[in-house]
Amino acid sequence: AIALDAKTGKVQWVERLSSEVLSVSGSENGRVAFRTVDGKIHGLDSKTGVLMWQRSQKTPALTQLGAGVPLIVSDMVVAGFANGKVAAYNLQTGQPLWEVVLALPSGNSELEQIVDVDGRMKALGNALFANSLNGSTAGINMEAGKQAWAKAFSSPTGLDVSEAGILSSDDKGNRWSFDPQTGDPIWSLDDLAGRLP
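Throughout what follows, the structure given in this document is the object of discussion. (Residues numbered from 1 in each chain as written. Predicted model: local features only at pLDDT ≥ 70, side-chain atom pairs only at ≥ 80, totals over all residues. Heavy atoms only, no water.)

Turning our attention to the overall build of the protein chain. The number of helices and strands found in the protein chain is zero helices and 18 strands. Radius of gyration (C-alpha) of the protein chain: 17 Å, near the 16 Å computed for a compact globule of 197 residues. With the C-alpha coordinates of the protein chain rotated into their principal frame, the extents come out at 45 × 40 × 35 Å. For the protein chain, the proportion of its 197 residues judged to be buried stands at 45%. Of all intrachain contacts in the protein chain linking residues separated by at least 6 positions in sequence, the fraction that spans at least 24 positions is 38%. (Helix = DSSP H or I, 4+ residues; strand = E, 2+ residues; numbered from the N terminus. Rg over C-alpha atoms; globule rule 2.2 N^0.38 Å. Buried < 20%, exposed > 50% of the residue type's maximum accessible area, 1.4 Å probe, protein only. Contact = heavy atoms within 4.5 Å.)

What follows is the structure in structure tokens.
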């Protein structure tokens, strides 16, 4: 993990992590979170680079090695993992807060069992919206740490959301809009099918 001065490019600090870095959160409240290929989240002090905490999830043998970015929301960091789970940790201490399963591996081959939560997640108020490959799209109440609803909808790209709707594309390239309150489909378009929008 490397921090550079935004104006000069000078190296501010370097911290060695447990494995290859897949993604990094923004910096908030003196912390930054790095997600690594071995299924770990590392909470670092954003000013000094000192490793403050580390948490891990079991990683399946076969994954997409995607770069789903951890989100810092208020006093927690939320991350998706290759085991189909979304988990939240206290931003300062790394204490586990909650965990929600979006997908469980199923199917006959390792390819069919890939359930990575790799795409973009989005917070809106106290709700978190996320989806997984070969799994579901879900609305999660972050205060309660519980899934409010889930719909069978596989996506490798993640989603975006506003009060008007959740926007995502499925694994065939079709674009969809869902109701943020219920997860029910509002509309779908197939004009970009096969183009991985």
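In this structure, Val-115 sits in the loop between β10 (96-101) and β11 (122-124). A C-alpha to C-alpha distance of 9.6 Å links Val-115 and Asn-131, two positions 16 residues apart in sequence. Excluding anything up to four places from it in sequence, Val-115 contacts Phe-81, Ala-82, Asn-83, Gly-84, Ala-103, Leu-104, Pro-105, Ser-132, Leu-133 and Asn-134.

With antiparallel pairing, four strands are arranged side by side in an open sheet as β11-β12-β13-β14. Of all the strands in the sheet, just β11 and β14 (146-152) have a single pairing partner and so form its edges. When strand polarity is set aside, the average angle formed by the axes of neighbouring strands in this sheet is 20°. Relative to β14, strand β13 (residues 136-141) runs antiparallel, the two sharing six bridges. In the sheet register, Asn-141 faces β14, and the bridge partner there is Lys-146. (Pairing = 2+ DSSP bridges. Axes fitted to C-alpha atoms, helices over the stretch in contact; angles between N-to-C directions.)

You can see Thr-137 is positioned in strand β13. Of the polar contacts made by the side chain of Thr-137, one reaches the backbone oxygen of Phe-153; its length is 3.3 Å. Among all residues touching Thr-137, those that are not within four sequence positions of it are Ala-130, Asn-131, Trp-149, Ala-150, Lys-151, Phe-153 and Leu-159. (Polar contact = N/O pair within 3.5 Å; in protein donor to acceptor, adjacent residues only side chain to side chain.)

As a further point, take the packing of aromatic side chains. The geometry of an aromatic ring pair is captured by two quantities: the separation of the ring centres and the angle between the planes. Counted according to the given criterion, the structure contains five aromatic pairs. With a centroid separation of 5.9 Å and 75° between ring planes, the pair formed by Phe-153 and Trp-176 is classed as edge-to-face. A residue pair is termed long-range when its members are at least 10 positions apart, and Phe-153 in the loop between β14 and β15 (159-162) and Trp-176 in strand β17 (residues 175-178) qualify at 23 residues. Residue classification places Phe-153 among the buried residues on the basis of a relative accessible area of 7%. Measuring from ring centre to ring centre gives 5.9 Å for Trp-176 and Phe-178, while their planes differ by 5°; the resulting arrangement is stacked. When its relative accessible area of 23% is taken as the criterion, Trp-176 is described as partly exposed. (Phe/Tyr/Trp six-rings, centres within 6.5 Å; stacked < 30°, edge-to-face > 60°.)

The antiparallel open sheet is built from four strands, whose spatial order is β7-β8-β9-β10. Of all the strands in the sheet, the pair left with one neighbour each is β7 (71-73) and β10. On average, each strand axis in the sheet is tilted by 20° relative to the strand beside it, whichever way the strands run. Across five bridges, strand β8 (residues 76-80) lies against strand β9 (residues 85-90) in antiparallel orientation. Of the residues in β9, the one forming a bridge with Val-78 is Ala-88.

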